[in-house]
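Structure at a glance
Residue strings, one per chain:
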Amino acid sequence: MAPTIPGFDRVRVPGAGGVTLHAAVGGSGSPVVLLHGFPQTHLMWRHVAVKLAAEHTVICPDLRGYGASDKPADTGPEVYAKRTMAADVVDLAAALGHERFALVGHDRGALVAFRAGLDHPETITHLGVLDVVPTLDMWNVLQGASAAVGYHLFLMAQPPGLPETMIAGSADAFFGSFLDTWAGDPAAMPGDVRAEYLRASAAAVRSIVADYRASAGVDVRHDQADLDAGSQLAMPVTVVQRDWGARLGYDAAAVWKAWAPDLDHRLTRAGHFMAEEAPDEITAAVRDLLAR
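Residues numbered from 1 in each chain as written. Predicted model: local features only at pLDDT ≥ 70, side-chain atom pairs only at ≥ 80, totals over all residues. Heavy atoms only, no water.

1. Here we look at the pattern of salt bridges
In total, this model carries 19 salt bridges according to the counting rule given. A salt bridge links R115 to D226, with the shortest nitrogen-to-oxygen separation between them at 2.6 Å. Taken together, the residues R115 in helix α3 (residues 108-119) and D226 in helix α10 (residues 218-229) connect sequence positions 111 residues apart. In this structure R115 comes out as buried when scored by relative accessible area, which is 2%. In this structure, D288 and R266 form a salt bridge, with 2.9 Å as the shortest nitrogen-oxygen distance. Residue D288 is found in helix α14 (residues 279-290), and its partner R266 is found in strand β8 (residues 263-267); the two are separated by 22 residues along the sequence. Put simply, R83, R115, D119, D223 and D226 are held in one network by salt bridges that share partners. (Salt bridge = Lys/Arg side-chain N within 4 Å of Asp/Glu carboxyl O. Helix = DSSP H or I, 4+ residues; strand = E, 2+ residues; numbered from the N terminus. Buried < 20%, exposed > 50% of the residue type's maximum accessible area, 1.4 Å probe, protein only.)

2. Quick look at the packing of aromatic side chains
Evaluation of the coordinates by the stated rule reveals twelve aromatic pairs. With a centroid separation of 5.9 Å and 15° between ring planes, the pair formed by Y151 and F178 is classed as stacked. With Y151 in helix α5 (residues 151-156) and F178 in helix α7 (residues 171-181), the pair connects residues that are 27 residues apart, well separated along the chain. Looking at Y151, the relative accessible area reads 39%, which means it is partly exposed. A connected cluster of aromatic rings, assembled from ring pairs, spans F38, Y151, F174, F175, F178, W182, Y212 and F273. (Phe/Tyr/Trp six-rings, centres within 6.5 Å; stacked < 30°, edge-to-face > 60°.)

3. Focus: the sheet that holds strand β2 (residues 20-27)
The eight strands lie next to each other as β1-β2-β4-β3-β5-β6-β7-β8, forming an open sheet whose pairing is mixed. Each edge of the sheet is formed by a strand with only one pairing partner; in this case those strands are β1 (9-14) and β8. Taking the axes of each pair of neighbouring strands and ignoring which way they run, one obtains an average angle of 20° across the sheet. Sheet topology places strand β5 (residues 101-106) next to strand β6 (residues 124-130); five bridges connect them, and they run parallel. Each residue of the ladder has a partner; that of L103, found in β6, is L127. Those strands touched by helix α2 (residues 82-95) are β1, β2, β3 (30-35), β4 (56-61) and β5, and its axis lies near 135° from that of β5. Of the strands in this sheet, β3, β5 and β6 touch α3, which is tilted by about 145° from β5. (Pairing = 2+ DSSP bridges. Axes fitted to C-alpha atoms, helices over the stretch in contact; angles between N-to-C directions. Contact = heavy atoms within 4.5 Å.)

4. Notes on the packing of helix α6 (residues 162-169) against helix α9 (residues 205-215)
Put simply, α6 and α9 touch, their axes get as near as 10 Å, and they point 135° apart. Classed by the angle they form, the pair α6 and α9 counts as oblique. Handedness of the crossing formed by α6 with α9: right-handed. From α6, P163, E164, I167 and A168 reach across to α9, where they touch V205, R206, V209 and R213. (Parallel < 35°, antiparallel > 145°, perpendicular 65-115°, else oblique. Left-handed = near helix turned anticlockwise from the far one by under 90°.)

5. As for α3
Three- or four-residue spacings in an α-helix give side chains the same orientation, since the helix completes a turn every 3.6 residues. Here α3 spans 17 Å end to end across twelve residues, near enough to the 16 Å set by a 1.5 Å rise per residue. Counting buried positions over the twelve residues of α3 gives eleven, a clear majority of the element. Within the span of α3, buried status applies to R108, G109, A110, L111, V112, A113, F114, R115, A116, G117 and L118. (Expected span 1.5 Å × (residues − 1).)

6. Topic: the nonpolar core
Core analysis: the largest hydrophobic core is formed by 95 residues, its most contacted members being W45 and L103. The element best represented in this core is α3, accounting for seven residues. When near neighbours in sequence (up to four residues on either side) are disregarded, W45 contacts L34, L35, H36, C60, V104, G105, H106, L130, A275 and I282. (Core = buried A, V, L, I, M, F, W, Y, C linked by side-chain atoms within 4.5 Å.)

7. Re the environment of V89
Of note, V89 is situated in helix α2. Its relative accessible area of 2% is what places V89 among the buried residues. With 179 residues separating them along the chain, V89 and T268 place their C-alpha atoms 27 Å apart. For V89, the residues in contact, after removing those within four places along its chain, are V33, L35, F101, L103 and V112.

Function-wise, these values are silent; they only describe arrangement.
This is the structure we're talking about:
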């Protein structure tokens, strides 16, 4: 049996365009939506979600194309654009009775959360981001030999066909390499959870690649349009990340400050999977965000 978040109900909610999202929902109080990263599912929030559920209604969806959510066969750029995925999340929350909510995302989910904050400022009350910079800035800072850390971004940005074939041919090795090399504490990801991430990712190669391919095209265009228009995040924002800026030669806090005037930028000693490796630290950061 696949692992679950203790005390949470599992729901399937139809959204716009006929795409149904799967989510785990628990707790009561003001709503907080938690978006997972790559190569994971909503399960990455299992510790933080239970802690937050003491004071909040917590909603942990699988993004479109991931986990138990629908995976549209059309992999055109708009289908997996972060703008589309952000609209999914807003529709999901509304269907569950929440017109306004706090939103926290990790990795790919953080990029969806960032886009939701820009596109739906009247809906997102607080925004939390774990271990990314916005898509446009990410491509701008990946230069030279240091860009090798993001080789998967360049692989999955290629035209349809080759990336899907290569990854599907060695799915466990490909997705497992990120679970192994990005983890600061491998023990924080039990065997059954790791196995579920690998199973879910292997079943979603086409949609995961489409998600990443969108980030090399349509997502960049959307970010650039907002940058040109001077758009910023209107809500309180907390960013927690490893010190990638120092390694890649840029000031991550300054990158975020340009987008988020009301910014709390924090560095962590945890690995990339910080919600699993340091759940108390991440829960405290979210609670501090919600108190602003």
